[in-house]
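Here is how the chains run, residue by residue.
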Amino acid sequence: MVAVSSASHYFDADPSAPERRRTLRTRLAGRDVEVQTANGIFSPDGLDKGTAALFSAVPAPPATGRFLDVGAGWGPIALTLALRSPEAEVTAVEVNDRSLQLTRDNAAALGLGNVVALRPEDVPEGAEFDLIWSNPPIRIGKPALHALLERWLPRLAPGGEAWLVVQKNLGADSLLPWIGRMLEERAPGRFTAERADSVKGFRILRVARAR
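It should be emphasised that the depicted structure is a prediction, and the values quoted were computed from it without experimental measurement.

J.: Lay out the overall build of the protein chain with the relevant residues and their values.
T.: Check the secondary structure of the protein chain and you find 5 helices and 9 strands. Starting at the N terminus and ending at the C terminus, the protein chain contains elements arranged as β-β-α-β-α-β-α-β-β-α-β-α-β-β. Over its C-alpha atoms the protein chain spans a radius of gyration of 16 Å, differing by no more than 12% from the 17 Å that the globule rule assigns to 211 residues. Dimensions of the protein chain, computed from C-alpha atoms along their principal axes, come out at roughly 50 × 40 × 35 Å. The 211 residues of the protein chain split such that 52% are buried. Counting contacts in the protein chain only where the partners sit at least 6 residues apart, residues at least 24 apart contribute 68% of the total. Working note: accessible area of the protein chain is about 9800 Å², and carbon and sulfur atoms make up 49% of it. Charge separation in the protein chain, taken as the distance between the mean sites of 26 positive and 25 negative side-chain charges, equals 5 Å.

See below:
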(Lines give C-alpha, C1' and ligand atoms only; values in the text may rest on other atoms or scores of the structure.)
Protein backbone atom coordinates (compact mmCIF):
# COMPACT_ATOMS: atom_id res chain seq x y z
CA MET A 1 0.00 0.00 0.00
CA VAL A 2 1.36 3.40 -0.95
CA ALA A 3 0.32 7.01 -0.66
CA VAL A 4 -1.16 8.33 -3.87
CA SER A 5 0.42 11.77 -3.54
CA SER A 6 2.21 13.92 -1.00
CA ALA A 7 -1.00 15.76 -0.23
CA SER A 8 -3.68 13.08 -0.47
CA HIS A 9 -3.57 9.54 0.90
CA TYR A 10 -5.93 6.67 0.16
CA PHE A 11 -6.96 6.59 3.84
CA ASP A 12 -7.96 10.26 3.95
CA ALA A 13 -11.64 10.79 4.72
CA ASP A 14 -11.91 13.45 2.03
CA PRO A 15 -9.09 13.31 -0.56
CA SER A 16 -7.99 16.81 -1.47
CA ALA A 17 -7.14 16.22 -5.14
CA PRO A 18 -10.02 16.67 -7.64
CA GLU A 19 -11.56 13.32 -8.53
CA ARG A 20 -10.61 11.75 -11.85
CA ARG A 21 -12.60 8.60 -12.54
CA ARG A 22 -11.85 5.92 -15.07
CA THR A 23 -13.31 2.59 -16.12
CA LEU A 24 -11.42 -0.55 -15.22
CA ARG A 25 -12.01 -4.03 -16.59
CA THR A 26 -11.27 -6.75 -14.08
CA ARG A 27 -12.41 -10.18 -12.94
CA LEU A 28 -14.36 -10.70 -9.72
CA ALA A 29 -16.03 -13.88 -8.49
CA GLY A 30 -15.22 -15.60 -11.78
CA ARG A 31 -16.88 -12.88 -13.85
CA ASP A 32 -15.44 -10.24 -16.15
CA VAL A 33 -16.78 -6.90 -14.93
CA GLU A 34 -16.32 -3.18 -15.49
CA VAL A 35 -15.90 -0.95 -12.45
CA GLN A 36 -15.09 2.69 -11.76
CA THR A 37 -11.93 3.69 -9.92
CA ALA A 38 -10.39 7.08 -9.21
CA ASN A 39 -7.33 8.81 -7.85
CA GLY A 40 -7.10 9.36 -4.10
CA ILE A 41 -8.07 5.80 -3.17
CA PHE A 42 -6.23 2.55 -2.51
CA SER A 43 -5.16 0.53 -5.59
CA PRO A 44 -6.91 2.59 -8.30
CA ASP A 45 -5.17 0.64 -11.08
CA GLY A 46 -6.81 -2.69 -10.35
CA LEU A 47 -6.99 -5.57 -7.93
CA ASP A 48 -4.04 -5.31 -5.54
CA LYS A 49 -1.81 -8.32 -4.82
CA GLY A 50 -2.97 -8.66 -1.22
CA THR A 51 -6.66 -8.86 -2.09
CA ALA A 52 -5.87 -11.29 -4.90
CA ALA A 53 -3.99 -13.45 -2.37
CA LEU A 54 -6.97 -13.33 -0.04
CA PHE A 55 -9.35 -14.41 -2.81
CA SER A 56 -7.09 -17.34 -3.68
CA ALA A 57 -7.07 -18.69 -0.14
CA VAL A 58 -10.48 -18.12 1.46
CA PRO A 59 -13.25 -20.71 1.33
CA ALA A 60 -16.45 -19.85 -0.47
CA PRO A 61 -18.71 -17.57 1.58
CA PRO A 62 -22.01 -18.95 2.90
CA ALA A 63 -25.07 -18.45 0.73
CA THR A 64 -26.70 -16.15 3.28
CA GLY A 65 -25.76 -14.10 6.30
CA ARG A 66 -24.40 -10.69 7.24
CA PHE A 67 -20.97 -10.02 5.75
CA LEU A 68 -18.49 -7.20 6.37
CA ASP A 69 -15.68 -5.75 4.26
CA VAL A 70 -13.37 -3.54 6.35
CA GLY A 71 -11.49 -1.01 4.20
CA ALA A 72 -13.49 -1.30 1.01
CA GLY A 73 -11.49 0.84 -1.45
CA TRP A 74 -13.37 0.82 -4.75
CA GLY A 75 -15.16 -2.32 -3.57
CA PRO A 76 -13.46 -5.50 -4.82
CA ILE A 77 -14.08 -7.50 -1.63
CA ALA A 78 -17.65 -6.30 -1.05
CA LEU A 79 -18.53 -6.80 -4.72
CA THR A 80 -17.05 -10.30 -4.73
CA LEU A 81 -18.98 -11.27 -1.61
CA ALA A 82 -22.20 -9.92 -3.10
CA LEU A 83 -21.65 -11.64 -6.46
CA ARG A 84 -20.91 -14.98 -4.83
CA SER A 85 -23.70 -14.75 -2.23
CA PRO A 86 -26.55 -12.68 -3.71
CA GLU A 87 -28.85 -13.53 -0.79
CA ALA A 88 -26.39 -12.21 1.81
CA GLU A 89 -26.30 -8.69 3.27
CA VAL A 90 -22.90 -7.10 2.58
CA THR A 91 -21.67 -4.04 4.46
CA ALA A 92 -18.60 -2.22 3.14
CA VAL A 93 -16.88 0.04 5.69
CA GLU A 94 -14.59 2.90 4.64
CA VAL A 95 -13.33 6.23 5.99
CA ASN A 96 -12.54 7.56 2.51
CA ASP A 97 -15.68 9.22 1.12
CA ARG A 98 -14.50 8.85 -2.47
CA SER A 99 -14.05 5.12 -1.98
CA LEU A 100 -17.49 4.87 -0.40
CA GLN A 101 -19.17 6.46 -3.39
CA LEU A 102 -17.21 4.32 -5.84
CA THR A 103 -18.26 1.18 -3.97
CA ARG A 104 -21.90 2.30 -4.05
CA ASP A 105 -21.74 3.15 -7.75
CA ASN A 106 -19.97 -0.07 -8.68
CA ALA A 107 -22.49 -2.15 -6.74
CA ALA A 108 -25.36 -0.34 -8.46
CA ALA A 109 -23.80 -0.80 -11.91
CA LEU A 110 -23.49 -4.54 -11.27
CA GLY A 111 -27.07 -4.77 -10.01
CA LEU A 112 -25.97 -5.68 -6.49
CA GLY A 113 -28.73 -4.41 -4.26
CA ASN A 114 -27.35 -6.37 -1.33
CA VAL A 115 -24.38 -4.02 -0.77
CA VAL A 116 -24.41 -1.03 1.56
CA ALA A 117 -21.31 1.17 1.94
CA LEU A 118 -20.99 3.09 5.22
CA ARG A 119 -18.59 5.11 7.29
CA PRO A 120 -17.65 3.24 10.48
CA GLU A 121 -19.75 5.47 12.72
CA ASP A 122 -22.84 4.74 10.61
CA VAL A 123 -22.77 0.99 11.22
CA PRO A 124 -25.44 0.27 13.85
CA GLU A 125 -24.10 -0.29 17.34
CA GLY A 126 -24.29 -3.93 18.29
CA ALA A 127 -24.47 -5.19 14.71
CA GLU A 128 -22.73 -8.55 14.35
CA PHE A 129 -21.44 -10.25 11.23
CA ASP A 130 -21.23 -13.87 10.17
CA LEU A 131 -18.24 -13.26 7.90
CA ILE A 132 -15.55 -10.58 7.71
CA TRP A 133 -13.10 -10.31 4.81
CA SER A 134 -10.48 -7.56 4.94
CA ASN A 135 -7.23 -6.32 3.47
CA PRO A 136 -6.63 -3.96 6.40
CA PRO A 137 -4.75 -0.69 5.84
CA ILE A 138 -1.47 -1.64 7.52
CA ARG A 139 0.23 1.67 6.71
CA ILE A 140 -2.11 3.72 8.89
CA GLY A 141 0.26 2.80 11.73
CA LYS A 142 0.12 0.26 14.52
CA PRO A 143 -2.07 2.23 16.99
CA ALA A 144 -4.70 3.01 14.34
CA LEU A 145 -4.58 -0.52 12.94
CA HIS A 146 -5.02 -2.02 16.39
CA ALA A 147 -7.95 0.30 17.06
CA LEU A 148 -9.55 -0.76 13.77
CA LEU A 149 -9.22 -4.46 14.54
CA GLU A 150 -10.40 -3.97 18.12
CA ARG A 151 -13.49 -2.29 16.72
CA TRP A 152 -14.48 -4.90 14.14
CA LEU A 153 -13.17 -8.37 15.02
CA PRO A 154 -15.27 -8.62 18.22
CA ARG A 155 -18.31 -7.97 15.98
CA LEU A 156 -18.16 -11.56 14.72
CA ALA A 157 -21.40 -13.39 15.43
CA PRO A 158 -21.27 -16.78 17.17
CA GLY A 159 -19.94 -19.27 14.63
CA GLY A 160 -18.59 -16.46 12.46
CA GLU A 161 -15.19 -16.16 10.78
CA ALA A 162 -12.90 -13.30 9.80
CA TRP A 163 -10.27 -13.65 7.07
CA LEU A 164 -7.50 -11.04 6.86
CA VAL A 165 -4.59 -10.67 4.45
CA VAL A 166 -1.40 -9.03 5.71
CA GLN A 167 1.92 -8.75 3.94
CA LYS A 168 4.58 -10.80 5.70
CA ASN A 169 7.21 -8.03 5.69
CA LEU A 170 4.72 -5.53 7.12
CA GLY A 171 4.29 -7.34 10.41
CA ALA A 172 1.85 -10.16 9.79
CA ASP A 173 3.65 -12.56 12.10
CA SER A 174 3.62 -10.15 15.04
CA LEU A 175 0.04 -9.01 14.36
CA LEU A 176 -1.41 -12.49 14.73
CA PRO A 177 -0.42 -13.05 18.40
CA TRP A 178 -1.59 -9.52 19.22
CA ILE A 179 -5.01 -10.35 17.73
CA GLY A 180 -5.16 -13.50 19.83
CA ARG A 181 -4.30 -11.64 23.04
CA MET A 182 -6.72 -8.81 22.31
CA LEU A 183 -9.65 -11.14 21.70
CA GLU A 184 -8.83 -13.29 24.72
CA GLU A 185 -8.90 -10.16 26.90
CA ARG A 186 -12.17 -8.98 25.37
CA ALA A 187 -13.97 -12.35 25.40
CA PRO A 188 -12.04 -15.16 27.10
CA GLY A 189 -12.41 -18.53 25.40
CA ARG A 190 -14.71 -17.30 22.65
CA PHE A 191 -12.25 -16.63 19.82
CA THR A 192 -9.38 -18.40 18.09
CA ALA A 193 -6.82 -16.81 15.76
CA GLU A 194 -4.47 -18.66 13.44
CA ARG A 195 -2.39 -18.35 10.30
CA ALA A 196 -4.44 -20.24 7.74
CA ASP A 197 -2.17 -19.91 4.68
CA SER A 198 0.75 -18.11 3.07
CA VAL A 199 0.42 -16.81 -0.48
CA LYS A 200 3.24 -15.03 -2.35
CA GLY A 201 4.58 -13.06 0.62
CA PHE A 202 1.21 -12.57 2.28
CA ARG A 203 -0.19 -14.20 5.39
CA ILE A 204 -3.83 -15.23 5.43
CA LEU A 205 -5.13 -14.94 9.00
CA ARG A 206 -8.31 -16.59 10.24
CA VAL A 207 -10.25 -15.54 13.31
CA ALA A 208 -13.20 -17.63 14.44
CA ARG A 209 -15.80 -17.15 17.16
CA ALA A 210 -17.22 -20.19 18.94
CA ARG A 211 -20.91 -20.88 18.67
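J.: Tell me about the nonpolar core, and please be specific about residues and values.
T.: The biggest cluster of nonpolar side chains holds 36 residues, and the ones touching the most others in it are Leu54, Trp74, Leu79, Leu112 and Trp133. The element best represented in this core is helix α2 (residues 76–84), accounting for 6 residues. The residues contacting Leu112, other than those within four sequence positions of it, are Leu79, Ala82, Leu83 and Ala107. Leu118, Ile132, Ile138 and Leu149 belong to the second-largest nonpolar core, a separate cluster that totals 29 residues.

J.: Before we move on, can you summarise the side chain of Asn114 with the specific residues and values?
T.: Mapped onto the elements, Asn114 comes out in the loop between α3 (97–109) and β5 (115–118). On the basis of relative accessibility, which here comes to 15%, the residue Asn114 falls in the buried class. Only 3.3 Å separates the side chain of Asn114 from the backbone oxygen of Ser85, close enough to count as a polar contact. At a separation of 3.4 Å, a polar atom in the side chain of Asn114 contacts the main-chain carbonyl oxygen of Pro86. Leave out the neighbours within four places in its chain, and Asn114 touches Ala82, Ser85, Pro86, Ala88, Glu89 and Val90.

J.: Account for helix α4 (residues 142–152), naming residues and giving values.
T.: The complete set of buried residues in α4 reads Leu145, His146, Leu148, Leu149 and Trp152. Along the axis of α4, the buried residues cluster in a sector spanning 160°; they form a single face. Buried residues belonging to α4 abut β3 (66–70), β4 (89–93), β6 (129–134), β7 (156–167) and α5 (172–186).

Each value, and the rule that gives it
Residues numbered from 1 in each chain as written. Predicted model: local features only at pLDDT ≥ 70, side-chain atom pairs only at ≥ 80, totals over all residues. Heavy atoms only, no water. Helix = DSSP H or I, 4+ residues; strand = E, 2+ residues; numbered from the N terminus. Rg over C-alpha atoms; globule rule 2.2 N^0.38 Å. Buried < 20%, exposed > 50% of the residue type's maximum accessible area, 1.4 Å probe, protein only. Contact = heavy atoms within 4.5 Å. Areas by Shrake-Rupley, 256 points an atom, 1.4 Å probe, with all protein chains shown as cover. Lys, Arg positive; Asp, Glu negative; His and termini not counted. Charge placed at Lys NZ, Arg CZ, Asp CG, Glu CD. Core = buried A, V, L, I, M, F, W, Y, C linked by side-chain atoms within 4.5 Å. Polar contact = N/O pair within 3.5 Å; in protein donor to acceptor, adjacent residues only side chain to side chain. Arc of directions from axis to C-beta.

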